[in-house]
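Letter by letter, the chains look like this.
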Amino acid sequence: MTVQTSTTRLTVAQALVRFLSAQYTERDGVRQRLIGATWGIFGHGNVAGIGQALIEHADVMPYHQGRNEQAMVHAAVGYARQSNRLSTHAVTTSIGPGATNLVTGAALATVNHLPVLLLPGDIFATRPADPVLQQLEVPYAGDVSVNDCLRPVSRYFDRITRPEALIPSALNAMRVLTDPVETGAVTLALPQDVQAEAYDWPDDFFAERTWVVRRPGADPTELAEAVRAIRAAKRPLVVAGGGVHHSRAEAALAEFAEVTRIPVAATQAGKGSLCWDHPQDVGGVGHTGTATADELARTADLVIGVGTRYTDFTTASGTLFTGAGVRFLNLNIAPFDGHKLAGMPLIADARSGLEELTTALDLHTYRVADSYVTEYTEDKERWEQRVDACYEADEPDVRPTQPQVLGALDAIVDQSDVIINAAGSLPGDLHKLWRTRSRDQYHVEYGYSCMGYEIPAAIGVKLAAPDRPVWALVGDGTYLMMPTEIVTAVQEGIAIKVLILQNHGYASIGGLSETTGGERFGTAYRFRSDDGTYTGPPLPVDLAANAAGLGMRVLRAKTVRDLREALAEARAADTPTCVYVETETADTVSGAPPAQAWWDVPVAETATRPSAVKARELYERHVSTRRRHL
């Protein structure tokens, strides 16, 4: 006997948009839309499919117009991060360059474990004409398109070549987007003919679905081993990663730290897990970390990683955690990360695991020694004095250093502000110096460190948190990569604040080049000199005028005094506003404390230039301190 089910005849694109509008997440009893909106740039590969469907279902699926496909992904990712991975946006593009422009954004999302749904158009499934416009012809395979570039950077990928194939694929896509272990970029490639094809869809496909985001607790055996390891430790150190934020485990971490008095250092993704003035917060850890945190890392006998991937910046390329007999305890929801550095895994949600550890350790009245608390407290006070010195500007009528720019911003923000950055020399200065006031104030994308992320991400964050001041901090190199979404902010009236720091080049890579024997080659924005190198006068590029030409209100600041006034005015603005300030040039130091730990960037093993020879000698000394944790 055949069971009759009611159906609705829609195109594939219409069915997908309607399906997405009915998907929800729930965690801790709070329910919200999974796909809050769709970004799109239209071409022949999606205009008559997804484009038409978005018009058809405009009442249930908001649409945002973007200017660059990569930037649209960044905006969606910024929204997802600000939404604690419980809500995200979809991004639709045409075939060809529109689709391949998604690759960088997809990689960023997947590296950072942030959900985003990508809906690129694809070449005809029925192949009525071959090749079609923008089709990549592959002689050895007829089923390959440029969208296959998205496979390695997606956590789930499918090409919908038949209407009915959408049903299982769409459900799998939602499963991955809402899985705290698997989440990242999800790609559903949509052939342009299939998008427009009609099908009789079961109405159950469009029923509201709630995807519960789980909080698994720890295995009792692993928990018991973790408690024993902590109780035996004399110099434990917590390394808080992005998983603390994703889990909303900040309060649980604070309680754990207060009960045990164990100091807490933070990765780039984890900064803000404790506010800067919390007694147990010792700042950033690793190559861009504080002297306080890095010295504790060198002498720790137990490193408690919470939601961290242990990237090379965190471990100083394997040279930081060098204490005799040091062990690792890794609280992580992902087994892959929980077993890193030959550590003891504690596979659990960060909040659940911390709460269980706190209960067990409080029962055993475990506390670190008073002498250890005094040591890291005094070290932290000394570091904060260095921060004060970097922020201080004795002469307000001179051009500011980069740390003084951060100091001026620090002086006007409160816990409601969100600071966004991703690449260049700013992430290092921010990790060392920024005094984070709330759990989500510090938004530095350093998993992929993608130039151009900041402005579109700020739009996404502002859409998720419309009542908060949102700042995109960009250097001139990053600004020139992707200023296009300023137009989007102006069009939509999204009142982001963009702070442009002009230093005439790639300051971060210029400094790295100098220390590795590269002599700052190709890192300055200058005219060519007679010898063919870029060592002439700075280019007469006016980024402030460019931002103004894109429709943004621009405030120019020439001095520290000007900067303070401009930042205060920008913060109060209810329209998109840019503050432009010229800082030190790319061939001078930023003024921040130097790196407190090493980072492995291989240096030429043979060279004739003295700078490279000297750099290689230093490199070999650092390499000799690397430790394999087995």
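Note that the structure is a prediction, hence the values are computed from the model and not measured.

**Student:** Before we move on, could you go through the packing of helix H3 (residues 69-82) against helix H18 (residues 454-464) and cite the residues and values that matter?
**Tutor:** Two measures define how a pair of helices packs: the angle their axes make with one another and the distance between the axes. Look at H3 against H18: their axes get within 7 Å of each other, and the N-to-C directions meet at 40°. Classified by the angle between their axes, H3 and H18 sit oblique to one another. Where H3 crosses over H18, the handedness of that crossing is right-handed. Two secondary-structure elements touch here, H3 through Ala-71, His-74, Ala-75, Gly-78, Tyr-79 and Gln-82 and H18 through Pro-456, Ala-457, Gly-460, Val-461, Leu-463 and Ala-464. The class makeup of the residues in the contact of H3 with H18 is eight nonpolar, four polar and no charged.

**Student:** Tell me what's going on with the state of the cysteines, and back it up with residues and numbers.
**Tutor:** Overall, the coordinates contain zero disulfides when judged by the stated rule. This cysteine, Cys-578, is not joined by any disulfide, and Cys-450 carries the nearest cysteine sulfur, 20 Å off.

**Student:** With reference to specific residues and values, describe the UniProt feature "domain: Thiamine pyrophosphate enzyme central" (unreviewed entry) in the chain.
**Tutor:** UniProt tags residues 223-357 as "domain: Thiamine pyrophosphate enzyme central" (unreviewed entry). Its end C-alpha atoms 7 Å apart, residues 223-357 is made of 38% helix and 20% strand.

**Student:** Lay out the environment of Met-61 with the relevant residues and their values.
**Tutor:** Tracing the chain through its elements places Met-61 in the loop between helix H2 (50-56) and strand E5 (63-65). Expressed as a C-alpha distance, the spacing of Met-61 and Pro-120, which sit 59 residues apart in the sequence, is 17 Å. Setting aside chain neighbours within four positions, we find Met-61 in contact with Val-17, Leu-20, Ser-21, Arg-33, Ile-35, Ala-37, Thr-38 and Leu-54.

**Student:** I'd like to hear about the nonpolar core, residue by residue, with values.
**Tutor:** Residues Ile-230, Phe-256 and Ile-304 are the most contacted members of the largest nonpolar core, which totals 54 residues. Counting 47 residues, the second largest nonpolar core, distinct from the first, contains Trp-39, Val-77, Val-91 and Val-474.

**Student:** Could you give an account of the UniProt feature "domain: Thiamine pyrophosphate enzyme N-terminal TPP-binding" (unreviewed entry) in the chain, with specific residues and numbers?
**Tutor:** Listed under "domain: Thiamine pyrophosphate enzyme N-terminal TPP-binding" (unreviewed entry) in the UniProt record, and renumbered for this structure, are residues 52-125. Between the C-alpha atoms that bound residues 52-125 the distance is 19 Å, and the span itself is 45% helix and 22% strand.

**Student:** Tell me about the sheet that holds strand E22 (residues 553-557), and please be specific about residues and values.
**Tutor:** Strand pairing in a sheet relies on backbone hydrogen bonds, with the paired strands running either antiparallel or parallel. Pairing is parallel across the open sheet formed by six strands, whose spatial order is E19-E18-E20-E21-E23-E22. The sheet is open, and its two borders are formed by strand E19 (442-444) and E22, each paired with just one other strand. Each adjacent strand pair in this sheet contributes to an overall mean axis angle of 20°, direction not counted. Here E22 pairs with strand E23 (residues 577-582) via five bridges, running parallel. Across the sheet, the residue bridging to Leu-555 is Val-579, located in E23.

**Student:** Could you give an account of the domain arrangement of the chain, naming the residues involved and the relevant values?
**Tutor:** Often, the extent of an interface is quoted as the loss of accessible area upon association of its parts. According to the domain assignment, the chain consists of domain 1 (8-212), domain 2 (220-382) and domain 3 (393-504 + 539-582). Distance from the C-alpha centre of domain 2 to the C-alpha centre of domain 3: 31 Å. Taken together, the 17 residues of domain 2 in the interface contact 15 residues of domain 3. A combined buried area of about 1,500 Å² lies between domain 2 and domain 3, and 56% of that area is made up of carbon and sulfur atoms. Considering only the side of domain 2, the residues that lose the most area to domain 3 are Gln-268, Lys-271 and Trp-276, jointly responsible for 47% of the buried surface there. Residue Glu-250 is joined to Arg-439 by a salt bridge in which the shortest nitrogen-to-oxygen separation is 2.8 Å.

Rules and cut-offs
- Residues numbered from 1 in each chain as written.
- Predicted model: local features only at pLDDT ≥ 70, side-chain atom pairs only at ≥ 80, totals over all residues.
- Heavy atoms only, no water.
- Axes fitted to C-alpha atoms, helices over the stretch in contact; angles between N-to-C directions.
- Helix = DSSP H or I, 4+ residues; strand = E, 2+ residues; numbered from the N terminus.
- Parallel < 35°, antiparallel > 145°, perpendicular 65-115°, else oblique.
- Left-handed = near helix turned anticlockwise from the far one by under 90°.
- Contact = heavy atoms within 4.5 Å.
- Nonpolar A, V, L, I, M, F, W, Y, C, P; charged D, E, K, R; others polar.
- Disulfide = S-S within 2.5 Å.
- UniProt positions renumbered as here; feature names shortened; annotations may be inferred.
- Core = buried A, V, L, I, M, F, W, Y, C linked by side-chain atoms within 4.5 Å.
- Buried < 20%, exposed > 50% of the residue type's maximum accessible area, 1.4 Å probe, protein only.
- Pairing = 2+ DSSP bridges.
- Domains from an automatic or database assignment.
- Buried area = accessible area lost by both parts, 1.4 Å probe.
- Salt bridge = Lys/Arg side-chain N within 4 Å of Asp/Glu carboxyl O.

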